[in-house]
Amino acid sequence: MALNLHLLRLFTTVAQCGSFSRAGDALAISQSAVSKGVREFERQVGIALLDRTRGVVLTDAGQALLHHATLLFTIERGAEAELQAFRGIERGGLHIGASTTIATYILPPILGLFHEVHPTIQLRLTSANTRDIANLLTSRSIDLAFVEGPVDLPGLTLTHWRVDELVIVSAPSHPLAMARKATARDLAQHRHIVREHGSGTRDVVDSALRDLGVVPVETMEVDSTAAIMQAVAAGLGIAVISRTAAADMLALGKLQIIKVPGVTIGRSLNRLAIAGRPLSSAALMFDRFAESADLGPKKQQIDYVI
C-alpha cells in the first residue's frame, strides 16, 4: 500500500520533536490530533513505530522509516526551494549594465526575446563606458555586466561571451571609399574618429590599429558610437566600428566599408562578474539565455580577435 504522506509527516514530526505536544505545536494542531494520526498510521502500515511504554521511543521499524522519511521530506524542501526560485524569477527584477555598443546594438534584440519568455520580469538596462560599468558592478548597482574592452580590476573576472566583427568605414565620397581598398599606410594618412579614453571600443580600436601598424596623423574624439557614425557620414574622417552597430547606415548607403586586403578583425565581447558572487535566479536565467541567443546569420570568418 502507498504511504499516507500526511500521516507520515505527523509521525516524522513526533520522532524529531520527541513528544506529541511539541509536534502539535510545530504543526499547529492539537496533541490529540497528532496522537490519533500516528496511531492510524501504525494501523495502516501494520506495525508499531513507537514504543509508548517508554514514552516516545522509536521501534526498529520506526527508526528505519524515519530514515526514509527524512530523505523524502528533504527532497520535498529542495523541490519547493527550486520552485520558489522560479517564482522569484518571474516576479523579480533584473538590472543589466553594458558598455555602449553592446547596450545600444546587441542586447536589445536579446532583451526582446527574453521578455517574450519572461514578461513579468522587470528589466532595466544601463549603458555606460566599460570603466563605468565595471565600477557599477563592483558597487553592486547592477546584476549583470557585458563589456567590450579589457578590464583589469581586483575582484572581477572576465569571460568571453561572443565575437563582434569590426569594420573600417568612411563616407561614400571619401577617397578611401572610392578606392574601395586600402593599406595600413593609407589608413594612417586620414583623420580617425574615435571614442573617449575609458571606452572599451577605444581600447580595442587602438589595439587593432597597432596590430595593423597604423598610427593616425590625427584623431577626433566623440562620446558615442552613434556620434562616430554621424561624424564619419559627414566626411570628418574614418573609423573602426562594430559591423552590427553600422548595419543600418551601411544599408542606407551613408557609410561604406574600407577593405584592407587579407584582414578581418573581431573583438571579444565579454561578461564581467564579481569573483565568487553567486547570480540571482533571474540573472542566471538571463545569462544562460544570452549565451545561447541566436542573433541571425553567422558572420564571416574572423582573421584575428582582440
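It should be emphasised that the depicted structure is a prediction, and the values quoted were computed from it without experimental measurement. The residue numbers shown here count from 1 along each chain, following its written sequence. Selection of residues for local features in this predicted model requires a pLDDT of at least 70, selection of side-chain atom pairs for listing and counting requires 80 or more, and totals for whole chains, interfaces and linings are taken over all residues. The side-chain values count all of the structure's non-hydrogen atoms but skip hydrogen atoms and water molecules.

A.B. asks: Would you mind showing me how to read helix α3 (residues 31–45) here?
C.D. replies: An α-helical segment advances 3.6 residues per turn. Residues three or four places apart therefore align on the same side. Between its first and last C-alpha, α3 extends 21 Å over 15 residues, near the 21 Å set by a 1.5 Å rise per residue. Each residue is assigned to one of three classes by its accessible area relative to the maximum for its type, calculated with a 1.4 Å probe on protein chains only: buried under 20%, partly exposed between the two thresholds, exposed over 50%. Only DSSP runs of H or I with at least four residues qualify as helices, and only runs of E with at least two residues qualify as strands; both kinds are numbered from the N terminus onward. All buried positions along α3 are accounted for by Val34, Gly37, Val38, Phe41 and Glu42. Considered in projection along α3, the buried side chains sweep an arc of 140° and stay on one side of the axis. Counted as exposed and oriented over 90 degrees from the buried face of α3: Ser32, Lys36 and Arg43. The length a helix should cover is 1.5 Å for every residue beyond the first. When we speak of the arc, we mean the arc of directions from the helix axis to the C-beta atoms.

A.B. asks: Hey, could you run me through the packing of aromatic side chains in this one?
C.D. replies: Two aromatic rings are characterised by how far apart their centres lie and by the angle between their planes. Pairs were defined over the aromatic rings of Phe, Tyr and Trp, the Trp ring being its six-membered one, requiring ring centres within 6.5 Å. Orientation was assigned from the angle between planes: stacked under 30 degrees, edge-to-face over 60, tilted for the rest. As enumerated under the stated definition, the model contains five aromatic pairs in all. When the ring of Phe11 is compared with that of Phe41, the centres are 6.3 Å apart and the planes differ by 35°; the resulting orientation is tilted. With a gap of 30 residues between them, Phe11 in helix α1 (residues 5–17) and Phe41 in helix α3 connect regions that are remote in the sequence. Note on Phe11: relative accessible area 0%, which makes it buried. Its relative accessible area of 0% is what places Phe41 among the buried residues. Aromatic pair Phe146 and Trp161: ring centres 4.7 Å apart, planes at 50°, arrangement tilted. Of this pair, Phe146 sits in strand β5 (residues 144–147) while Trp161 sits in strand β6 (residues 156–170), and the two are 15 residues apart along the sequence. Grouped by ring-pair contacts, the aromatic residues Phe114, Phe146, Trp161, Phe286 and Phe289 constitute a single cluster.

A.B. asks: Before we go on, may I ask you to explain the pattern of salt bridges in this structure?
C.D. replies: Pairing between side chains of opposite charge can happen when the charged atoms of each approach one another. Any Lys or Arg side-chain nitrogen found within 4 Å of a carboxyl oxygen on Asp or Glu counts as a salt bridge. What the rule picks out here adds up to eleven salt bridges. Ionic pairing is found between Glu42 and Arg52, a salt bridge with its closest N-O pair at 3.0 Å. Placement of Glu42 in helix α3 and of Arg52 in the loop between β1 (50–51) and β2 (57–58) is noted, with a sequence separation of ten residues between them. Measuring nitrogen to oxygen at the nearest pair gives 3.0 Å for the salt bridge that ties Arg195 to Glu196. Across the pair, Glu196 and Arg195 agree in class, each one buried. Beyond isolated ion pairs, a larger network of salt bridges with shared partners links Glu148, Asp164 and Arg267.

A.B. asks: Looking at this structure, I do not really get empty space enclosed by the protein. What am I missing?
C.D. replies: If a probe as big as a water molecule is rolled over the atoms, it shows which places are left empty. Buriedness of a pocket was judged along seven lines, with at least five required to meet protein on both sides within 12 Å; pockets are open sets of points on a 1 Å grid over the protein atoms alone, cavities are sets where a 1.4 Å probe fits but cannot get out, and lining residues have an atom within 4 Å of a point. Grid points are joined across faces, edges and corners, and a volume is the space filled by probe spheres set on the points. Here the structure, examined in full by the defined rule, presents two cavities of 30 Å³ or more. Taken as a whole, the largest cavity holds about 50 Å³ of empty space. Considering the residues around the largest cavity, the lining is formed by Leu137, Asp143, Leu144, Arg271, Leu272, Ala273, Ile274, Arg277 and Leu279. For the lining of the largest cavity, the element with the most residues is strand β11 (residues 265–274), which contributes four residues.

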